[in-house]
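A look at the structure
Listed below, chain by chain, are the residues.
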Amino acid sequence: MKTWQRVLACFFGGCLIVGAFWFFTQTSLSDGDNQIEKEKKALISEFNSNKENIFSQINQLITEEKYDEAISLASKYQVTEDQALLKLKDQAQAELTKVKTQKQITDLSNELNTTPESELQKRFDLYSKLLELVPDNTEYQTKYAELKPIVERQQMISSQFTDESGVHRKLEKFIKFKLKDVSTYKHLETKYVENDDDTLTITITFKGKKGDSSKITKNTVKAVVDLNGNPIRIISWK
């Protein structure tokens, strides 16, 4: 067989394979569509034959507060697009949502009751969640409003310190700038006190070489900073 004949034979052979594949694919899809259509018609027929009984079952499940089962049964026949059926499903769904919401409220309220007054951030978060569920609750609104400025102040203060060692970021930076040899710096402890004028008094204890000293000594720096952490004045350096 000549080359061009072999090429032509391969071409037609390929066309036959592709054509056969397309035919069987379309046949399979058509069979699948037919099966779905048959199942749909069977459900519609079943629903129309037992409509009164199906409605009775769904209503009974709603009365017994078995909302999941009511929704499942209504969904089974949803393909019928029966408006009364869809309305019953929506009713069951609404009741289920109410139950779940009430459970969330109860769980959050119980957690709130067991949370100490001193844990302001956690109590604030719980009131925030409760307000999302019950926006018109005046008690939650009041507590949220009371805690918000306090929590925001705490967040401003806590952001001034590192998570690792708890040292005050900006005051430590100032201390390192003043040291003779930064490599000798070792943080030991940081304490702070909140003042009445929206400032903090920070006390940092560390080891390092200060000024012209050649010795590594223990130092304590006390300074006043604003609520953004900016040093206002150094009270002492011992």
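Structure: see above.
Let me sum up the structure you'll find in this document. (Residues numbered from 1 in each chain as written. Predicted model: local features only at pLDDT ≥ 70, side-chain atom pairs only at ≥ 80, totals over all residues. Heavy atoms only, no water.)

1. Regarding helix H4 (residues 83-113)
The end-to-end C-alpha distance of H4 is 45 Å, a good match for the 45 Å that 31 residues give at a rise of 1.5 Å each. Taken together, the buried positions of H4 are Leu85, Leu88, Lys89, Ala92, Leu96, Ile105, Leu108 and Leu112. Near the N-terminus of H4, the side chain that reaches the backbone nitrogen of alanine 84, with its oxygen 3.1 Å away, is that of aspartate 82. (Helix = DSSP H or I, 4+ residues; strand = E, 2+ residues; numbered from the N terminus. Expected span 1.5 Å × (residues − 1). Buried < 20%, exposed > 50% of the residue type's maximum accessible area, 1.4 Å probe, protein only. Polar contact = N/O pair within 3.5 Å; in protein donor to acceptor, adjacent residues only side chain to side chain.)

2. A word on the pattern of salt bridges
Enumeration according to the criterion identifies 9 salt bridges in this entry. We note a salt bridge from glutamate 46 to lysine 76, for which the minimum N-O separation is 3.7 Å. Residue glutamate 46 is located in helix H1 (residues 3-49), and its partner lysine 76 is located in helix H3 (residues 67-76); the two are separated by 30 residues in the primary sequence. For glutamate 46, a relative accessible area of 32% gives the class partly exposed. Residues participating in the shared-partner salt-bridge network are Arg153, Glu194 and Asp198. (Salt bridge = Lys/Arg side-chain N within 4 Å of Asp/Glu carboxyl O.)

3. Re the nonpolar core
In terms of nonpolar packing, the biggest core is built from 16 residues, with Phe47, Ile58, Ile62, Ala70, Tyr77 and Leu85 touching the most fellow members. Of all the secondary structure elements, the ones that give two or more residues to this core are helix H2 (51-63), H3 and H4. When residues no more than four places from it in sequence are discounted, the contact partners of leucine 85 are Phe47, Phe55, Ile58, Ala74, Tyr77, Gln78 and Thr80. Core analysis: the second largest hydrophobic core is formed by 15 residues, Leu200, Ile204, Phe206 and Ala223 among them. (Core = buried A, V, L, I, M, F, W, Y, C linked by side-chain atoms within 4.5 Å. Contact = heavy atoms within 4.5 Å.)

4. Regarding the sheet that holds strand E1 (residues 179-194)
Hydrogen bonds between backbone atoms are what pair the strands of a sheet, whose relative direction is either parallel or antiparallel. Strand order across the open sheet formed by 4 strands is E1-E2-E3-E4, with antiparallel pairing between neighbours. Edge positions in the open sheet fall to E1 and strand E4 (231-237), since each of these has one partner strand only. Between one strand and the next, the sheet's axes are offset by a mean angle of 30 degrees, whatever the strand orientation. By the bridge criterion, 5 bridges tie strand E3 (residues 217-226) to E4 in an arrangement that is antiparallel. Considered in E4, the bridge of valine 224 is made with arginine 233. Sheet strands touched by helix H7 (residues 169-178): E1, strand E2 (199-210), E3 and E4. Its angle to E1, the strand with the most contacts, is close to 150 degrees. (Pairing = 2+ DSSP bridges. Axes fitted to C-alpha atoms, helices over the stretch in contact; angles between N-to-C directions.)

5. Examining the packing of aromatic side chains
Across all of its chains, the model carries 5 aromatic pairs by this definition. Aromatic pair tyrosine 127 and tyrosine 140: ring centres 6.2 Å apart, planes at 50 degrees, arrangement tilted. Residue tyrosine 127 is located in helix H5 (residues 120-133), and its partner tyrosine 140 is located in helix H6 (residues 138-158); the two are separated by 13 residues in the primary sequence. Judged by relative accessible area, which is 3%, tyrosine 127 ranks as buried. Feature note: the residues Tyr185, Phe206 and Trp237 constitute an aromatic cluster, connected by ring pairs. (Phe/Tyr/Trp six-rings, centres within 6.5 Å; stacked < 30°, edge-to-face > 60°.)

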